[in-house]
Amino acid sequence: MWDSIVIGAGQAGLSTSFHLRRLGVPHVVLDANPHPGGAWQHRWDALTMADVNGIADLPNAPLPPADGPERANVFVPGYFSDYERHHDLPVERPVVVRAVLDDGGVLRVESKDGRTWHSRTLVNATGTWRRPFLPHYPGRESFRGEQLHTSEFRAPEHFRGKRVLVVGGGISAVQFLGLVRPITDTVWVTRREPVWHTGEFDEQAGREAVARVEERVRRGLPPRSVVSVTGLLLRPQEQEAARLGAYERRPMFERIEPDGVRWADGTFEPVDAIIWATGFRPDVEHLAPLHLRSRLGGIQLGDTLATSTTAVVDPRIQLVGYGPSASTIGANRAGRVAARAVARQLEPAQAS
């Protein structure tokens, strides 16, 4: 019987484990990946440290200096691996969790390969990477070209000479267009008109954006990304794509045909490949047996800082890397808050 189990060993999971160890809470971290690095180990090779939006230091471990062209899917996993080893964090991998159930007041965690763990509390730090969202549009199955999601993107050179449709209004879509447009032709479509951030994005603006995302999860609504309220920003490496017209957005098409896409007004665009930069959903389906979702579709979290990671309907459960804590900065803070909430939850049991 563990006092706590952490599911996931990305930024939020490692931060939580560090703070649980500091507080003296016996725990284990179950990670679905075969190697350290969280979702970073799966990102595309062309994503360099100069491209990422920023990686916060893990607790008590300053991020080492990174050479701009260094691949993010190598640098960040190396940093995470060193952190796990230096702090002797109790990570067990690979463990793909199938379900978390209430077993007479004790939480039972079951893996897909039949193993079982029991715990008094649980911190879910699974993020979103394993749940890519791919919207359905009529005719998608008929398309003869290539279709791939953000999670499958590897290198822009693969698209040289192809006409590429990029679907989505987030940071990944902006980055893909920046990579691909200089070597081929592109079309960009989004459901809503993109909102571009103008002016300085300072610490105050960041806090305000996070607060707006926090408000959704406090109400029990499904979380939205922080960028959905901050707006989009073009970096120096995307200026050439902008000059070539990559960011001249078109509204969503009505249907997909074998050789391209068609709009409601009959306009047709031939394309050879579709990149679905349509985001991810929280990876929380294994928590379904606990019935944590509110009637509004999300998992409602507490309305104070001390309870901001705590599931309202079951205080044994903490969620980090969910909603406002999906960023690396938010994940670090959430790990500390969740560990303290776990310790408080355990106090009655330890006193008895």
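Our subject is the structure listed above.
The text that follows walks through the structure, step by step, so that each part is easy to find.

What counts as what
Residues numbered from 1 in each chain as written. Predicted model: local features only at pLDDT ≥ 70, side-chain atom pairs only at ≥ 80, totals over all residues. Heavy atoms only, no water. Pairing = 2+ DSSP bridges. Helix = DSSP H or I, 4+ residues; strand = E, 2+ residues; numbered from the N terminus. Axes fitted to C-alpha atoms, helices over the stretch in contact; angles between N-to-C directions. Contact = heavy atoms within 4.5 Å. Parallel < 35°, antiparallel > 145°, perpendicular 65-115°, else oblique. Left-handed = near helix turned anticlockwise from the far one by under 90°. Nonpolar A, V, L, I, M, F, W, Y, C, P; charged D, E, K, R; others polar.

## Topic: the sheet that holds strand 12 (residues 260-262)
- As summarised here, the arrangement of the 3 strands in space is 11-12-13, forming an open sheet in which the pairing is antiparallel. If you trace the sheet from one side to the other, it starts and ends with strand 11 (255-257) and strand 13 (268-270), each paired once. On average, each strand axis in the sheet is inclined to that of its neighbour by 25°, with strand direction left out of account.
- Pairing of strand 11 with strand 12, which is carried by 3 bridges, proceeds in the antiparallel orientation.

## Notes on the sheet that holds strand 8 (residues 163-167)
- With parallel pairing, 5 strands are arranged side by side in an open sheet as 7-14-8-9-10. Lying at the two open borders of the sheet, with one neighbouring strand each, are strand 7 (146-149) and strand 10 (250-251).
- Those strands touched by helix 3 (residues 171-180) are strand 8, strand 9 (185-190) and strand 14 (273-276), and its axis lies near 170° from that of strand 9.

## Examining the packing of helix 1 (residues 11-22) against helix 2 (residues 72-86)
- It is at 11 Å that the axes of helix 1 and helix 2 come closest, and there the two elements cross at 15°. The angle between the axes of helix 1 and helix 2 places the two elements in the roughly parallel class. Of the two elements, helix 1 crosses helix 2, and the hand of that crossing is left-handed. In this structure, helix 1 uses Gln11, Leu14 and Phe18 to contact helix 2, whose residues at the interface are Phe80, Tyr83 and Glu84.
- Partitioned by chemical class, the residues of the contact of helix 1 with helix 2 number 4 nonpolar, 1 polar and 1 charged.

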